[in-house]
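Chain residues, written in single-letter form:
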Amino acid sequence: MTLTLAPSLPARPTRPVGTDPLGVLGVPGQINLDYAASAPCARAAADAVAELLPWYASVHRGAGALSRRCTLAYERARQTVGDFVGARAGDHVIFTRNTTDALNLLARALPAGTTVVTFAGEHHANLLPWPRGSVRLPVPESPAGAVRALDAALGELRRDARPGLPVLVAVAGASNVTGERWPVAELARVARRHAARIVVDAAQLAPHAPVDLTALDVDYLALSGHKLYAPFGAGVLVGRSDWLDAAPPYLAGGGATGHVGAATHDVRWATGPARHEAGTPNLLGAVALAAVCAALGGADRDALHAREQRLLARLRTGLAALPHVVELRTFAPDAPRVGIVSFVVAGRDSAEVAAHLAGAHQIGVRDGLFCAHPLARRLLTEAAARSGRRDLPETALRASIGLGSTVAEVDRLVAALAELG
Ligand SMILES: Cc1ncc(COP(=O)(O)O)c(C=O)c1O
């Protein structure tokens, strides 16, 4: 069969491999098209960790030179990550394990009586932590539909519910199933109009495009280092301090206290990020994440984005040319999206296809329902209806790209899938 593919891409202007901070580590011969699950490690992250390792010591717990350097590195990392996401003066930057941890932290910090409004298309991390009584809006058919639905839902909430109680809107910047971008700025405007707050799950958006709390007028943001080329176990929750300072500590223990008396409950908890960071922090994770944030902050992100979009277009065009492959999508085919594509191979079990790609072609993709079961199931049903095929499998495949992805890798995937027709 003949594939119609876009002309080849110009190479990303980089320093030689090994010194480009945004070059990624990998294993020759292995094609990683699963960035959305966990991106490969950026050189910047690996170098930052390697540089700090000889100095490795406690954070906020020691007077020695090593410890002081580590404390400084940790606090500088906090500043760098905050700057990267456009944190406002007074916002807290709290290191967590990942996005799931960050959203659970926020869920535990909500003032009593808060109603959380989400869409059913969210990742489980942005569906499951929210309290009972949360509102889950149906998956909209377009970004504009999402804005209208939120406006209507918040209007109704404000009319029906106790009007003074807090409302938090929780949305992803980009879907982990389809890569489609959500209209965050517009949703934030709607939230503001109804005196609601908004948190953005930036796990899938931040690796692909700048996300700025201030510019978007968003209250909170969560992201994961391991999806942002910094695989050392740190994530972050950034945002307004008042709810966070008023909430019970996420974890109780050392480092989160101002004063502990002799009586069992004689505790004054710290304010600021320390309140929610009890225990010895993940210094290397924080430093790795900050190193990537700094490297991305200094890069030409428009150029990186344009390159990724060309690669994505090539991948989608290649898949669209395969009659036995059906793409999953929520919005119109040309809706803005990041480098993620989910699809099915008609008549083939997705887990078997993924295993075949790995075994026969050394290509790593994801299969399943991508921790977004309600959305993935719905899109599989829609894909069957749209394509008119009755032989679509019950789970899907997902290919995702990023900084280290190449034309050759994308073409290898398309060629391998073509053989399954
Ligand atoms: C959109 C989105 N939100 C949240 C998460 C959870 O991220 P983590 O597993 O790093 O906590 C993911 C992970 O795939 C995701 O894609």
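Below: a short report on this structure. All figures in this text were calculated on a predicted structure; none of them were measured in a lab.

What counts as what
Residues numbered from 1 in each chain as written. Predicted model: local features only at pLDDT ≥ 70, side-chain atom pairs only at ≥ 80, totals over all residues. Heavy atoms only, no water. 1 Å grid on protein atoms, 1.4 Å probe; cavity = no way out; pocket = protein on both sides within 12 Å on 5 of 7 lines; lining within 4 Å. Points joined across faces, edges and corners; volume = space filled by probe spheres on them. Helix = DSSP H or I, 4+ residues; strand = E, 2+ residues; numbered from the N terminus. Nonpolar A, V, L, I, M, F, W, Y, C, P; charged D, E, K, R; others polar. Near = heavy atom within 4 Å. Polar contact = N/O pair within 3.5 Å; in protein donor to acceptor, adjacent residues only side chain to side chain.

**A short note on empty space enclosed by the protein**
Argument step 1. If you walk through the whole model with that rule in mind, you get 3 cavities of 30 Å³ or more.
Argument step 2. The space that makes up the largest cavity amounts to roughly 120 Å³.
Argument step 3. In this structure, the largest cavity is lined by 12 residues; those nearest its centre are Pro207, Leu304, His305, Glu308 and Leu403.
Argument step 4. Per-element accounting of the lining of the largest cavity gives the leading share, 5 residues, to helix H9 (residues 301–320).
Argument step 5. Along the lines of polarity and charge, the residues of the lining of the largest cavity split into 5 nonpolar, 3 polar and 4 charged.
Argument step 6. Quantified by volume, the second largest cavity comes out at close to 40 Å³.
Argument step 7. What lines the second largest cavity is simply Tyr35, Ala36, Ala39, Gln204, Pro207, His208, Lys227, Tyr229 and Ile401.
Argument step 8. Of the residues belonging to the lining of the second largest cavity, the class tally is 6 nonpolar, 2 polar and 1 charged.

**Notes on the site of the ligand**
Argument step 1. Close contacts around the ligand come from Asn98, Thr99, Thr100, His123, Ala125, Asn176, Asp201, Ala203, Gln204, Ser224, His226 and Lys227, and that covers them all.
Argument step 2. Between Asn98 and the ligand, the recorded distance is 3.3 Å, taken from a side-chain N or O atom to an oxygen atom.
Argument step 3. A distance of 2.6 Å separates an oxygen atom of the ligand from a polar atom in the side chain of His226.
Argument step 4. Here the shell around the ligand is built from residues that sort into 2 nonpolar, 8 polar and 2 charged.

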